[in-house]
Every structure is written in C-alpha cells, then in structure tokens.
Amino acid sequence: MGVQPSELAAVAGELGASVARVIPADSVQVAEWVRWKCRWGCPHYGSNLVCPPYAPAPGETARLLREYREALLFLADQSWRVRYLAGELERLALAGGHPAAFGMGAGPCGLCSPCDLAAPCRHPHTARPSLEACGIDVFSTVAANGLELPCGPEGPRVGLVLLR
Ligand code: SF4
C-alpha cells in the first residue's frame, strides 16, 4: 500500500501548511473569469512560463480534473511556501505510489530571474503553475470544502496536489 492522502496531509502540516485536507477532485471549481483577472489585473501576466497565457486554459484544466479522484488542499501564509509544499508533496506522493500526482502552487514562478520565455523551462520538474493560472476559482473551491478566504491581497495562499 502506498502513501495515503491523509498521510500527505499530515506531512503538509509538518512542513508548514496551516490547513491541509483531502477533498474530492470534483469539488475543485474552474471558471473563465479567473483567467480574465490574470490578464487584466495581474502584473505577472505573461512574465513566466507557468502563468497565462502559457499556463493551461480553464477548459484544459477542467478536462484534467476529470481524471483525478481526490486532491490534497492546503493553505500557507506565503506564496513561496505554497510552491515549496506543492513540490515536496508531489514528490512524496510520486514516491509513495501516486504516479499521476501533480502539485499546484500559488503566484508566479520565481525560480529564475528573468524567466526566458523563448526557451523551454529550465526547471520543468520543479516549476508548477498556480491554481489561479490554470483557471481554478480558488475562493469557490475553498468554500466548497468548508473553508473561507478573505477577498484581497492579505490572507493565506492555497495549493493543491491532485491524486488519482
Ligand atoms: S523555472 Fe525558470 S524557466 Fe521555468 S517557469 Fe520558472 S522562471 Fe521560467
């Protein structure tokens, strides 16, 4: 038996997540408006290969989610910590018998400065798109799972690890 999602949730807490819970993958909400807010409202739009317009569009994300059964939803105080957790938890899930595990972070990628948009990603095993970059409605997804996020720049950031 591989690593259980509940065990990943426990590890997430040990690594700094303030909340970590296993949720049904079909509770992850995707909406077109999220991408519009990236395009008209985010200074990072087009600045790196994991943000729009390079990130998967909402329709692609919705199709991907249908291939997953559950996900580990986690919150942390900073975007960089969410990205770190997404990478670590994906690696643990892979090693623990979840070959399709995929981590998703928060905010733009900060691994290279600047990101070379004309070349392939330099860290494809580490760089991961944020939920919002892929059209996931973070507020509705969190609310659908009994949690609440303040609307605005303050407050926790949200990550996911998709699990089949
Ligand atoms: S790892 Fe580097 S090359 Fe890849 S998306 Fe991030 S900044 Fe760009």
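Higher on the page you've got the structure.
Note that the coordinates shown come from a computational prediction; the quantities given were computed from them, not determined experimentally.

Visitor: Please clarify how the overall build of the chain should be interpreted in this entry.
Guide: When its secondary structure is counted, the chain shows five helices and four strands. Ordering the α and β elements of the chain from the N terminus gives α-β-α-α-β-α-β-α-β. Whereas a compact globule of 164 residues would reach a radius of gyration of roughly 15 Å, the chain reaches 15 Å, a difference of no more than 12%. Among the 164 residues that make up the chain, the fraction classed as buried is 37%. Summarising the internal contacts of the chain: among those between residues at least 6 apart in sequence, 77% fall at separations of at least 24.

Visitor: Would you take a moment to explain the environment of P43 for this structure?
Guide: Inspection of the secondary structure assignment puts P43 in the loop between α2 (32–39) and α3 (58–65). In this structure P43 comes out as exposed when scored by C-beta crowding, with 7 C-beta atoms within 10 Å. Taking C-alpha positions, P43 is 18 Å from R157, a pair spaced 114 residues apart along the chain.

Visitor: Sorry, what's going on with the site of the ligand here?
Guide: Close contacts around the ligand come from N48, L49, V50, C109, L111, C112, C115, D116, C121, R122, H123 and A127, and that covers them all. Residues belonging to the shell around the ligand are distributed by class as follows: eight nonpolar, two polar and two charged.

Visitor: Hey, could you run me through the sheet that holds strand β3 (residues 102–104) in this one?
Guide: As summarised here, the arrangement of the four strands in space is β1-β2-β4-β3, forming an open sheet in which the pairing is antiparallel. Where the open sheet ends on each side, the last strands, each with one partner, are β1 (19–24) and β3. Between one strand axis and the next, the sheet turns through 20 degrees on average, direction left out of account. In this fold helix α1 (residues 5–14) packs onto β1, β2 (70–76) and β4 (157–163), with an angle of close to 155 degrees to the strand it touches most, β1.

Visitor: Please clarify how the nonpolar core should be interpreted in this entry.
Guide: It is characteristic of soluble globular proteins that their nonpolar side chains tend to be buried jointly. One finds L72, F74, L160 and V161 to be the most contacted residues of the largest nonpolar core, which totals 39 residues. When contributions to this core are tallied by element, the ones reaching two or more residues are α1, α2, β2, α4 (79–95), α5 (138–144) and β4. With six residues, the single largest contributor to this core is β2. The contact partners of V161, leaving out residues within four places of it in the chain, are L8, A71, L72, A86, L89, E90, A93, A101, F102 and G103.

Visitor: Even after reading the chapter, I still don't get the pairing of β4, so can you show me in this structure?
Guide: Two faces, one strand: in a regular strand the side chains alternate between the faces of the sheet. Counting buried positions over the seven residues of β4 gives seven, a clear majority of the element. Summarising the sheet, β2 and β4 pair through seven bridges and their orientation is antiparallel. Residue pairing for β4: L73 is matched across the bridge by L160. The pairing of β3 with β4 spans three bridges and is antiparallel. What sits directly across from M104, in β4, is L160.

Criteria and thresholds
Residues numbered from 1 in each chain as written. Predicted model: local features only at pLDDT ≥ 70, side-chain atom pairs only at ≥ 80, totals over all residues. Helix = DSSP H or I, 4+ residues; strand = E, 2+ residues; numbered from the N terminus. Rg over C-alpha atoms; globule rule 2.2 N^0.38 Å. Buried ≥ 20, exposed ≤ 12 C-beta atoms within 10 Å, placed from the backbone. Contact = placed C-beta atoms within 7 Å. Near = placed C-beta within 6 Å. Nonpolar A, V, L, I, M, F, W, Y, C, P; charged D, E, K, R; others polar. Pairing = 2+ DSSP bridges. Axes fitted to C-alpha atoms, helices over the stretch in contact; angles between N-to-C directions. Core = buried A, V, L, I, M, F, W, Y, C linked by C-beta atoms within 7 Å.

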